[in-house]
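Summary of the model geometry
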Amino acid sequence: MHDGSGRIVVQNLTKQFGAVTAVQNLSFTVEPGSVTGFLGPNGAGKTTALRMLLGLVTPTAGVATVNGRPHDQLGNPATVVGSVLENEGFHPKRTARNHLLVYAAAVGVPDQRVEQVLGLVGLTPAANRKAGGFSLGMRQRLALATALLGDPQVLVLDEPANGLDPEGIAWLRTFLRSYAQQGRTVLVSSHLLAEVEQTIDQVVIISHGMTRYYGSLDQLRGSQQSRVLVQPADANALVTALRENGFNQVEPTQDGRVAVTGATTQQIGDLASKAGIAVYGMQEERADLERLFFQLTSGQYAGSQLPQTPQYQQYQQPPPPQGGWGGPPPGGQPPQQQGYQQGWGGPR
Ligand SMILES: Nc1ncnc2c1ncn2[C@@H]1O[C@H](COP(=O)(O)OP(=O)(O)OP(=O)(O)O)[C@@H](O)[C@H]1O
Ligand SMILES: [Mg+2]
């Protein structure tokens, strides 16, 4: 039997589709009690990894378990893991209620559970409408209702916010957070960090099928140093003055300003004043998670801007229990992982 822990463990998972390596030596652990975002750009391997976790795709190597067991050894999996994957199909002529009744019978839950899950996802008013006429957002809700039938301990959702209107996204956020607060496990994928940023506490970021970062979102946020954009009378003079005073992370911007990392507005103001350079304005940029997400995944922003703060460590196997860093080591070499095919930031 399974261990009832609510823990998802992905260990050295690899999937090869012919010449395409969809998932490459992927490892992470998801603990109960929080919402974990599974993030990566299109084609990063999220759906493939989730399908392996749910026993729908056979891994080329590695294992993925829920409650210590691969999916096919879970007994009645619907009571352990509920899932919504991409492109869930519904019988178009079947009403939402009838669809759920069919699935309720299949997983062995009483018919009244159907009314409960319809209420949970806000579909009660549409229960007698045919699923074929549902909007994308309504189909997402019906898929989620189906996943909830077995009152599962673990919820795995692939891009659940797709097609949801702002109200639907806000509702989903509240729903997932309260689900996790009950001590359950929620793993939710997205290709947009901004879409799930307010929903998730933990994050697994993948790119080209490999783990780039895994740990708490707060830690990731804290790692991003904020920049100050300064508008001086003489940008070159300010750059020189800053560098002479030991502030080396200084870059002139295209619009004539100077971007400074690692200095406060007060330090910059004092220094400019001492050097006799007029400053017309200063703007502090907030830690930009989206930029960091790009750095970690596409490599388009990679290079000199990559954060090298001490709390980052080269990601290693087995993964650390807390945040790890999957970025390239200093020098820009790709991580030493087996079968690495595409360089950091290389062509997709
Ligand atoms: N059945 C398959 N046969 C061949 N290649 C596949 C198959 N499934 C996925 N792939 C490839 O594996 C890679 C990862 O795809 P996957 O669908 O897992 O990415 P994803 O992260 O879910 O992307 P998206 O954000 O677009 O949903 C892609 O290059 C994709 O083309
Ligand atoms: Mg996908």
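For the structure given in this document, a descriptive report is provided here. Note that this is a predicted model, so its numbers are computed, not measured.

Conventions and cut-offs
Every chain begins its residue count from 1, and numbering advances along the sequence as written. Here chains are named by letter from A upward and ligands by number from 1 upward, in the order in which they appear as written. The model is predicted, so local features are restricted to residues of pLDDT at least 70 and side-chain atom pairs to those at 80 or more, both for listing and for counting; the totals for chains, interfaces and linings are taken over all residues. We count a stretch as a helix when DSSP gives it H or I for four or more residues in a row; a strand needs E for two or more, and each element gets its number in order from the N terminus. The exposure scheme places C-beta atoms from the backbone and then counts, for each residue, the other C-beta atoms within 10 Å of its own, assigning buried at 20 or more, exposed at 12 or fewer, and partly exposed in between. When DSSP finds at least two bridges between two strands, those strands are taken to pair. Lines fitted to the C-alpha atoms define the axes, with helices restricted to the stretch that makes contact. Angles between their N-to-C directions range from 0 to 180 degrees. We call two residues in contact whenever the C-beta atoms placed from their backbones are within 7 Å. Proximity of a residue to a molecule or strand is defined by its backbone-placed C-beta atom lying within 6 Å of that partner. Each nonpolar core reported here comprises buried Ala, Val, Leu, Ile, Met, Phe, Trp, Tyr and Cys residues connected via C-beta atoms within 7 Å. Should an angle fall under 35 degrees it is called roughly parallel, over 145 degrees roughly antiparallel, and 65 to 115 degrees roughly perpendicular, with every other angle called oblique. Here a crossing is called left-handed whenever its near helix is offset anticlockwise from the far helix by less than a right angle, and right-handed whenever the offset is clockwise. For this classification, Asp, Glu, Lys and Arg are treated as charged, while Ala, Val, Leu, Ile, Met, Phe, Trp, Tyr, Cys and Pro are nonpolar and the rest, including Gly, are polar.

With that settled, consider the overall build of the protein. When you go through the protein residue by residue, the secondary structure sums to ten helices and 14 strands. Expressed as a percentage of its 348 residues, the buried residues of the protein come to 40%.

A few words now on the sheet that holds strand 11 (residues 250-252). Taking strand neighbours across the sheet as the criterion, the four strands line up as 11-12-10-13 in an open arrangement whose pairing is antiparallel. The strands lining the two open edges of the sheet, one partner per strand, are strand 11 and strand 13 (279-284). Averaged over all pairs of adjacent strands, the angle between their axes in this sheet comes to 20°, without regard to strand direction. Of the strands in this sheet, strand 10 (227-232), strand 11 and strand 12 (258-261) are in contact with helix 8 (residues 235-244), which crosses strand 11 at around 170°. Contacting strand 10, strand 12 and strand 13, helix 9 (residues 265-274) crosses the sheet at an angle of about 165° to strand 13.

Near ligand 1, the surroundings consist of F17, V20, A22, G40, N42, G43, A44, G45, K46, T47, T48 and H191. Those elements that provide at least two residues to the shell around ligand 1 are strand 2 (20-30) and helix 1 (46-53). With three residues, the single largest contributor to the shell around ligand 1 is helix 1.

Read from one edge of the open sheet, three strands run 2-1-4, paired in antiparallel fashion. Each end of this open sheet is capped by a strand with a single partner; those strands are strand 2 and strand 4 (61-66). Strand-to-strand twist across the sheet, computed as the mean angle between neighbouring axes with direction ignored, equals 20°. The pairing of strand 1 (residues 8-17) with strand 2 spans seven bridges and is classified as antiparallel.

This brings us to the nonpolar core. The biggest cluster of nonpolar side chains holds 67 residues, and the ones touching the most others in it are L53, A145, V188 and V203. Sort the elements by how many residues they give to this core and helix 4 (residues 136-148) lands first, with seven residues. Here V188 is in contact with V35, G37, F38, L157, P160, L176, V196, T199 and I200, once residues within four sequence places are set aside. Listed in part, the eleven residues of the second largest apolar core include V228, A241, L242 and V260.

Bringing the pairing of strand 10 into the picture now. In this sheet, strand 12 lies alongside strand 10 in antiparallel orientation, the contact comprising four bridges. For V228, the partnering residue across the bridge sits in strand 12 and is V260. Pairing analysis gives five bridges linking strand 10 to strand 13, with the strands arranged antiparallel. For P232, the partnering residue across the bridge sits in strand 13 and is V279.

Quick look at the packing of helix 2 (residues 96-107) against helix 3 (residues 112-120) now. Two numbers describe how helix 2 lies on helix 3: the axes approach to 9 Å, and their chain directions differ by 130°. By the angle between their axes, helix 2 is oblique relative to helix 3. The two elements helix 2 and helix 3 cross, and the hand of that crossing is right-handed. Packed against helix 2, whose contacting residues are A96, R97, L100, L101 and A104, the element helix 3 presents R113, V114, V117 and L118 at the interface. Taken together, the residues that form the contact of helix 2 with helix 3 break down as seven nonpolar, no polar and two charged.

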